[in-house]
Structures are given as C-alpha cells and as structure tokens.
Amino acid sequence: MTSPPASGTDFWQNVAFPLPYRVFLLIGLGILGWATNLHGLEALEVDAVAALDLRTDDHPPRLPISQRPDGHLMAPGLIRSAYQAFLGYAGICVVSWLLYVWNVNGDPLRVDAFGHIPGITALVLLLVLVCPYDVFCRTERAKFTHAIRRCLVSSTQTPILFSDVVLADIGTSFVKVFGDIWLSLCMILPGNTLLDTPAIEGHWRWVMPVVLSFPYAIRLRQCLIEYNLPSNESKKPFFNAIKYATAFPVIFFAAAQGIVTGDHHLFRFWLLSVFINSTYSFWWDLTNDWGLEILRTGTGMDTDPHQRAKQLQMSFSFWIALALLLAVTIAFRKQIPIGRNSKITPKTLPMGSSANSPVPHVGIPSTGRLQSDPTNVVVSPTIFAPPFGA
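Just so you know, these numbers come straight off a predicted model, no measurement behind them. (Residues numbered from 1 in each chain as written. Predicted model: local features only at pLDDT ≥ 70, side-chain atom pairs only at ≥ 80, totals over all residues. Heavy atoms only, no water.)

Enquirer: I keep staring at the overall build of the chain and nothing clicks. Help me out?
Expert: Secondary structure assignment for the chain yields 14 helices and zero strands. Along the chain direction, N to C, the helices and strands of the chain fall in the order α-α-α-α-α-α-α-α-α-α-α-α-α-α. For the chain, long-range pairs separated by at least 24 residues make up 76% of all intrachain contacts whose partners lie at least 6 apart in sequence. For the chain, the computed accessible surface area is about 19600 Å², with 66% contributed by carbon and sulfur atoms. (Helix = DSSP H or I, 4+ residues; strand = E, 2+ residues; numbered from the N terminus. Contact = heavy atoms within 4.5 Å. Areas by Shrake-Rupley, 256 points an atom, 1.4 Å probe, with all protein chains shown as cover.)

Now the structure itself:
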C-alpha cells in the first residue's frame, strides 16, 4: 500500500471527501443547475420547452416559436423529471459516500483499501444511465444519451439543435471536471493513492490536456458545421469557432510548462494565449452570444408596449445574472497561480472551483439567446434534444 503523504488541510480533505466524490458532487450540481435553469426560464415566462425542443410529441420541423404548441403546459412535468433525476443521482452518491466514510473511519491508512467504493459507484451510475429497462427516468436518460451521441457523431449536413449547443456549452463549463475524472481514474489504479495527485510521466502527461480540450473540440465542430451548411449565409459561426479554437493554445502551453525548468518563454506564450482567448471570448459573448443587443436603444425592442415591458424586465434580470457571472469569473481567475516561475498546469488549477457551475456559464447565455432571437432555433420532430433529462 502506498504510504500517505504528509498531513495537512488538503490531506484530511482527501481522507474524508476524496476527489472522486468531489467529481460526483459537481456533476450533481450540474443536474440540479439544469433543473433550476428550466424552472427559472419558466418563471420568466420563456417557453424553453419549444425553444430547446424538449417536448416528446411530434410537430413540424423548423417552425418559429410563435407557431409551435404552447410548451408551458409541458414545463411542470419536465421540470419535475429533472428534479427527480437529481434526487436519484444524489441518493446513490450519498449512500456510496456514507459507506466509504463508515469503512475508512477517518484512518488515512484505510483510504486506499476502500478506494474501490467510488469506482464501483461510478460504474453503477454509468450502468443506470445506459440501462434499457423502464426504470429510473428512462425517457430522460434516453434523451440525454441521444443528445451526447448527436454532439459527438452528428452528420455534417444536419443543422445543429440549439439544445445540443447548450449541452456542448455545459461541457466546456465542466472542462475541469473532465480533468478531475481522469485524475480520479489514475488515483484508483493499483500503486496510486486517493490521498494525493498521482505523478503522470512520459506520454501519459499529454492525456490531461487532450481531455481538457475535448469539450472545446466538440463545440468547435458544431460551429464549423453551422458555418458550412448550404442554408447558412452568416459568418457568425466561423467567428464563434475562432473563440473555441483559441482555447487549445491556453491548455497545451499550460501543460508544456510542466516539462520545462527555470525561466522559459513558454510562460510568455501562455500569457499571450490567455489574453487573446479571454478578450476575444468576452467580446464575442457580450456582442453576439448573450443577446445584449436588446439593451440598446431602438435595437431589437418590440414596438408593442407590453412586449417591450416584458423584454426590459428580462433584461434587468439578465444584467443581475451577468454581474454574478463576472464575480464568479474573477474569483476563479484569482485562484490560478500566475508568476514568472509558475508552473501553470491542469493540476495547479483549483479542483471543484465555482467556475465549473453550469448555472452562470450556461444558464445566463442560454437565457440571453432565448430572449433575443428564439425564432432561429432549429428543431426536429424525430430527435430528442434536452441535456440532463429534461
């Protein structure tokens, strides 16, 4: 058995709540975030069911929202299903964690002896997700797995559903969680320990940046598909693709710093790539993705007084959410070690940071898009879209 490292705050955190359970926690918060996202959109009187194609009945494709059946009638059932999925997931994870804590009993020497418990829990959750039987929210599980399949292997000639864009955006918000999943797998391997991050040498050190890049590659693919569609006449998908492409230098320059010593020019390349990615992404999101054009005087506002008042009310809520997002982003940036001799690697990023939450990173942009231009959403009568079982 691997001897435990020196004791400390992180050490005892790993004893009581090791990394695999922190991953389970963040995934659970993501499911809860999706449920509350739907709940919040319904409270704002946004027909998210129609906009995201969350219904299960057939209707003609590519209809504008104004011509689709009222989705508000279906929203309560879908929201309830999302909360039920969260409660079921949380129940499995809580039981697993209590079993782990009871067996370990605060003894660091017993941690790795029962490190198989979170591994078995992950396997159980995966089997439940793909289970073909009509148990535990089968409809919602099928929708989620179909959405993942479309994000990964959809035809390049098929329009991208807005719900798939939301799911891919959730993936980019959870990029650090994907990295923690890889580290968790390494920790439970024989010879490693749950008490400390394993040392990954050789070619295996590049698995982490590849894992972190994967969600951005999915989103980049979606943008390129939208740009190359015969029906597309806009350059916006291409410029949106640039935003996701600028994430790759940030990730790989950060990983490369782990294999150099002393004052190296890689750090300056990393700083430059961070500046380009951050400024371009923030500019693009504010001017194109989040629907802020409705806040400009005389631009995008409905001439009907009642509709204009509704838009202004939603815009006020949007600004509050935007301020929250900015605060969360600044708090996350402050946790990243920056300095001339810093080693900026995926391991140095804070595990389980608030930046992984899908509510500020996905819910806010989704609300902005829905309120600014919901009629551009493309739907299909034969494909189910919603992520996280809505």
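Structure's up, so let's keep going.
Enquirer: Would you explain the pattern of salt bridges in this entry?
Expert: Any two side chains of opposite charge can pair if their charged atoms end up close together. Going through the model one piece at a time under the given rule, you end up with three salt bridges. A salt bridge links R150 to D164; the nearest nitrogen and oxygen atoms lie 2.8 Å apart. Here D164 lies in helix α7 (residues 162-173) and R150 lies in helix α6 (residues 138-153), a separation of 14 residues in the sequence. Taking relative accessible area as the criterion, R150 reaches 12% and is therefore assigned buried. A relative accessible area of 4% means that D164 is categorised as buried. Put simply, R219 and D169 hold a salt bridge, and the shortest N to O gap is 3.3 Å. With R219 in helix α9 (residues 207-228) and D169 in helix α7, this pair connects stretches of sequence that are 50 residues apart. (Salt bridge = Lys/Arg side-chain N within 4 Å of Asp/Glu carboxyl O. Buried < 20%, exposed > 50% of the residue type's maximum accessible area, 1.4 Å probe, protein only.)

Enquirer: Is there a simple way to explain the nonpolar core in this structure?
Expert: If you look at soluble globular proteins, the nonpolar side chains tend to sit buried side by side. With 50 residues, the main nonpolar core has W34 and V111 as its most contacted residues. The leading source of residues in this core is helix α2 (residues 19-43), at 10 residues. Ignoring anything within four residues of it in the chain, the contact list for V111 reads V15, Y100, V104, L194 and L195. (Core = buried A, V, L, I, M, F, W, Y, C linked by side-chain atoms within 4.5 Å.)

Enquirer: What's the story with the packing of aromatic side chains in this structure? I'm lost.
Expert: Two numbers describe a pair of aromatic rings. These are the distance of the centres and the angle of the planes. Considering all chains together, one arrives at 11 aromatic pairs under this definition. Measuring from ring centre to ring centre gives 5.7 Å for Y280 and W283, while their planes differ by 55°; the resulting arrangement is tilted. Of this pair, Y280 and W283 both sit in helix α12 (residues 265-289), three residues apart, roughly one helical turn. Exposure remark for Y280: the relative accessible area of 18% places this residue in the buried category. Joined through ring pairs, the aromatic side chains of F17, Y21, F24, W97 and Y100 make up one cluster. (Phe/Tyr/Trp six-rings, centres within 6.5 Å; stacked < 30°, edge-to-face > 60°.)

Enquirer: Even after reading the chapter, I still don't get α6, so can you show me in this structure?
Expert: Along an α-helix, residues three or four positions apart point the same way, because every turn accommodates 3.6 residues. Taking 1.5 Å of rise per residue, 16 residues should cover 22 Å, and α6 covers 22 Å from first to last C-alpha, within 8% of that figure. Along α6, the positions that sit buried rather than exposed are E140, R141, K143, F144, A147, R150 and C151. Close packing links the buried residues of α6 with α4 (75-104), α5 (116-130), α7 and α9. (Expected span 1.5 Å × (residues − 1).)

Enquirer: Explain a nonpolar patch on the surface here, please?
Expert: There is a patch of nonpolar side chains on the surface, built from L123, L126, L127 and V130 and spanning about 390 Å² of accessible area. Within the fold, L126 resides in helix α5. (Patch = residues over 30% accessible without salt bridge, like charges linked within 9 Å, V, L, I, M, F, W, Y side chains within 5 Å.)

Enquirer: Would you take a moment to explain α4 for this structure?
Expert: Counted at 1.5 Å a residue, the expected span for α4 with its 30 residues is 44 Å, and the 43 Å between its end C-alpha atoms agrees. Immediately downstream of α4, the backbone of N105 shows phi near 55°, a positive value.

Enquirer: Honestly, the packing of α9 against helix α10 (residues 236-245) in this entry has me stumped. Any pointers?
Expert: Where α9 contacts α10, the axes come no closer than 8 Å and their chain directions differ by 165°. Comparing their axes, α10 and α9 come out roughly antiparallel. As α9 runs across α10, the sense of the crossing is left-handed. The residues of α10 that touch α9, namely those facing Y216, R219, L220, C223, L224, E226 and Y227, are P237, F238, N240, A241, Y244 and A245. (Axes fitted to C-alpha atoms, helices over the stretch in contact; angles between N-to-C directions. Parallel < 35°, antiparallel > 145°, perpendicular 65-115°, else oblique. Left-handed = near helix turned anticlockwise from the far one by under 90°.)

Enquirer: What's the story with the packing of α6 against α7 in this structure? I'm lost.
Expert: Packed helices, taken two at a time, are described by their axes: the angle between them and the distance between them. Direction vectors running N to C along α6 and α7 enclose 85°, while the axes themselves pass 10 Å from each other. The angle between α6 and α7 falls in the class roughly perpendicular. Every residue of α7 that contacts α6 at F144, A147, I148, R150 and C151 is listed here: S163, D164 and L167. The class makeup of the residues in the contact of α6 with α7 is five nonpolar, one polar and two charged. (Nonpolar A, V, L, I, M, F, W, Y, C, P; charged D, E, K, R; others polar.)

Enquirer: Sorry, what's going on with unusual backbone geometry here?
Expert: Where the residue is not glycine, phi is negative for most of them; where a peptide bond is considered, it is trans in most cases. The phi dihedral of N105 is positive, around 55°, even though this residue is not glycine. Here N105 lies in the loop between α4 and α5. Located in the positive-phi region is F136, a residue other than glycine, with phi close to 50°. With respect to the secondary-structure elements, F136 resides in the loop between α5 and α6.

Purely spatial values, then, with no claim about function.
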